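Working through the structure, step by step
Here is what each chain is made of, one letter per residue.
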Amino acid sequence: MRQLFNLIFCASFFVGVCGCGKPEVSGVAALESCGRLTNLKNATDPGLRDEWARIVEEKDDPESLCRRRPAEDDKNAAGPLRELFGRRNVKQWLDRCEPFFTPKGLTCDSESLERMRLIRERFDAEQAKARDAMRRPRRQFAVNFLSGFGDDLSFVTTVRLLARIEAFSAVGAMAAGRLDEAFDAIEQMMRYADALSDHHPTARLQAAGIHREAFATLQLFVLQKDLAPERLKRAAELLRQTLAAWPADDDAWRGDRALGIHAYEMVYQGYADDLLTLNELASLDKKGALDKIVVLPKKAIEEDEAFYLRTMRKVIESCSHPYNERRATLAELERSIDERRREAPYWSIAAELLLPHVFEGLRLQAEDRAVCEAWSYALDESTAARPGPERTNPSTGKPFLISRRDDLLRITMKDASRRGDCPDVVVPAPAK
C-alpha cells in the first residue's frame, strides 16, 4: 500500500525514490466526504469510541493537525517552492540524479562530475529562487490530512530534487577548490531536510534520505586536502544545530494515524479498493480475496479500526523512549499484528495495509538519528583539544566504535543499519 518505502530513498538507504505514494482515489468529492469522518464519529464499538475520544482530546485528529499547519504566506518558503518547477517533470529529473548516489557515497569520477554539472546548470535559476525562498523565517508545508492519502505531496519530490542539485553544486565547488561555497551547499541540503521533518510520515522519511545524501557529500568535504580547522568547526556546529532541532519521533506517527483514520472512512464509504495498488488488487484477486475487502460489515470495520488505533497509540507512546529501549514493545506489537492477520474473521485493514510499514519506518528513523549522532560525535572529536566522553548509538544502545589510524578518525557504522549498509564516518584526527 502507498508504496511508502519504495519512494523513500535512493539505494544508499532504502529502495529508491519515486512519486509521492498516494493511492488512486475516487476524486476530490470522495476525499472530502471521507474527511468528515461521519462513520467514525457515529461508531458504536465501545473500544473505538474510547480511542477516538482520546485522540480528539489530545488534538491529534485530522482536522486539528491541519489547523496546526502555518499559512503558506510571504513569511513561509513553502509557497514559492511548490511553484518552482512549473510544468517540468520533477520526478523524471529526480530519477536522473539517483545513479550518482550509491551505498558507498557519491560517485565522483570525471564523467560523473561533468554530468552533475550539466544537471546543476540546467536548474541555475530554480536553485537561486529556492535559496532566496529558504531565507524566509518559516519553511513548513501545509498538509491536508482531511484528504488522507489523496493529498498532493508533490512538494516532497521538489525538495528532494533541490537537495540533490545542492549536492552537485557542492561537488563542483570542491573540485574547483571553492570550499566555503561547497559547505554552503551542504548546509542548504540540511535546511531542505528540516523543511520536510514534520508530521507527515512520507515527508519525514524523505528528510532522512536528504540527510543520508548530505552526509555522503559532507564526507567528501571533510577529507579535502589541507582543510582548515575552522571549516571542520563550522561542520561540527551544523550537526549540533541539526540535533538540537531534531523532530520528535512520534510526530510522524501521529500524522500517519490521521491518514489511517481517513483510510478507514474510505473503507466505510465503499472505496476500500482505492487504497490498493494495481499489484495488490491483482494479488488479492488471484487469492479470491478481493470481494472480502469490498463487502466488509460495518461492525468488522469498527472492530478492526479499534485494533488499529490501540496499536498506533502504543507505538506513539513508545516514542518517548530511545529506540533501543522500545525494541521489546515493538516486537510484541508486531506479533499481535501477525496474530490478527492469521485469526481475524474478516480481512484486516490494520494488519494487511496500515500497520506493517510503521515498524520499518521506526527503524529507519532510528538509523537516521544514529547517523546524525555519529557525525556529530566524529566532528566534535576531530575539533576538540582532547578526547571527549564516549557516546552511545541511540539505535543500538551500545557505544559508538571509534578508532584512530594515522591522521584519520573512524566511526564504524555497520551495526547502525539493519541491512549493514551504513558507510563509516571518517574525519581528520586532531593533532597529537
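Just so it is clear, the structure is predicted and the values come from calculations on it, not from any experiment.

This part is about the nonpolar core. In terms of nonpolar packing, the biggest core is built from 127 residues, with L81, L218, F221, L362, W375 and L379 touching the most fellow members. For this core, the element with the most residues is helix α9 (residues 154-175), which contributes 13 residues. Those residues in contact with L81 that sit more than four places away from it in its chain are A130, A133, M134, F141, T158 and L162.

What follows concerns the confidence of the model for the protein chain. Mean pLDDT over the protein chain stands at 89; residues scoring 70 or higher make up 91%. Mean pLDDT per element in the protein chain: helix α15 (residues 290-294) is the minimum at 66, and helix α3 (residues 46-57) is the maximum at 98. The low-confidence segment residues 2-25 (pLDDT under 50) makes 95 contacts with residues lying over four places distant or belonging to another chain.

Here the focus is the packing of helix α10 (residues 179-196) against helix α11 (residues 201-222). One can describe the packing of α10 onto α11 by two numbers: an axis separation of 7 Å at closest approach and a directional angle of 165°. By the angle between their directions, the pair α10 and α11 is classed as roughly antiparallel. Crossing of α10 against α11: the hand is left-handed. Residue-level inspection shows L179, A182, F183, I186, M189, M190, Y192, A193 and L196 of α10 in contact with α11, the latter providing A203, R204, Q206, A207, I210, H211, E213, A214, F215, T217, L218 and F221. Here the contact of α10 with α11 is built from residues that sort into 16 nonpolar, 3 polar and 2 charged.

Let us look at the pairing of strand β4 (residues 408-412). Of the two faces of β4, the one holding L409 and I411 is buried and the one holding L408, R410 and T412 is not buried anywhere. Note: strand β3 (residues 401-405) against β4, 5 bridges, orientation antiparallel. Each bridged residue has a counterpart across the sheet, and for R404 the counterpart in β4 is L409. Joining the antiparallel neighbours β3 and β4 is a turn of 2 residues, in which D406 adopts a positive phi near 55°. Note that β4 and strand β5 (residues 425-428) share 4 bridges and pair antiparallel. Looking at β5, one finds that I411 is bridged to V425.

Take the environment of E126 next. Structurally, the position occupied by E126 is in helix α8 (residues 124-133). Judged by relative accessible area, which is 12%, E126 ranks as buried. Separated by 45 residues in sequence, E126 and L81 place their C-alpha atoms 9.1 Å apart. Beyond its immediate stretch of four places on either side in the chain, E126 contacts L84, F85, R88 and L162. At 2.8 Å, the side chain of E126 and the side chain of R88 are in polar contact.

Per the stated rule, a full pass over the model turns up 9 aromatic pairs. Taking the centre distance of 6.0 Å and the plane angle of 20° together, the rings of F101 and F168 count as stacked. Placement of the pair is F101 in strand β1 (residues 101-102) and F168 in helix α9, with a sequence separation of 67 residues. Comparing F101 with F168 shows no difference in burial state: the two are buried. Considering the side-chain rings of Y377 and F400, the 6.1 Å spacing of their centres and the 45° angle between planes classify their relative orientation as tilted. Of the two residues, Y377 sits in helix α19 (residues 356-383) while F400 sits in the loop between α19 and β3, which places them 23 residues apart along the sequence. Through a chain of ring-to-ring contacts, the aromatic side chains of F85, W93 and F123 assemble into a single cluster. The lysine or arginine in question, R96, covers the ring of W93, its NZ or CZ lying 4.3 Å from the ring centre. Above the plane of the ring of F307 lies R340, whose end atom (NZ or CZ) is 4.7 Å from the centre.

This part takes up the packing of helix α12 (residues 229-244) against α19. Put simply, α12 and α19 touch, their axes get as near as 9 Å, and they point 145° apart. As α12 runs across α19, the sense of the crossing is left-handed. Together, L232, K233, A235, A236, L239, R240 and L243 of α12 and R369, C372, E373, W375, S376, L379, D380, S382 and T383 of α19 make up the contact between the two elements. Residues belonging to the contact of α12 with α19 are distributed by class as follows: 8 nonpolar, 3 polar and 5 charged.

As a further point, take the pattern of salt bridges. This structure, assessed with the given rule, holds 40 salt bridges. Of the charged contacts in the structure, one is a salt bridge between E373 and R369, with a shortest N-O distance of 2.9 Å. With E373 and R369 both in helix α19 and 4 residues apart, this pair spans about one turn of that helix. On the accessibility criterion, R369 (24% relative accessible area) is partly exposed. A single network of salt bridges, built from pairs that share partners, joins D60, R68, D250, R254 and R257.

How each quantity is defined
- Residues numbered from 1 in each chain as written.
- Predicted model: local features only at pLDDT ≥ 70, side-chain atom pairs only at ≥ 80, totals over all residues.
- Heavy atoms only, no water.
- Core = buried A, V, L, I, M, F, W, Y, C linked by side-chain atoms within 4.5 Å.
- Buried < 20%, exposed > 50% of the residue type's maximum accessible area, 1.4 Å probe, protein only.
- Helix = DSSP H or I, 4+ residues; strand = E, 2+ residues; numbered from the N terminus.
- Contact = heavy atoms within 4.5 Å.
- pLDDT = per-residue confidence, 0-100.
- Axes fitted to C-alpha atoms, helices over the stretch in contact; angles between N-to-C directions.
- Parallel < 35°, antiparallel > 145°, perpendicular 65-115°, else oblique.
- Left-handed = near helix turned anticlockwise from the far one by under 90°.
- Nonpolar A, V, L, I, M, F, W, Y, C, P; charged D, E, K, R; others polar.
- Pairing = 2+ DSSP bridges.
- Polar contact = N/O pair within 3.5 Å; in protein donor to acceptor, adjacent residues only side chain to side chain.
- Phe/Tyr/Trp six-rings, centres within 6.5 Å; stacked < 30°, edge-to-face > 60°.
- Lys NZ or Arg CZ within 6 Å of the ring centre and 35° of its normal.
- Salt bridge = Lys/Arg side-chain N within 4 Å of Asp/Glu carboxyl O.

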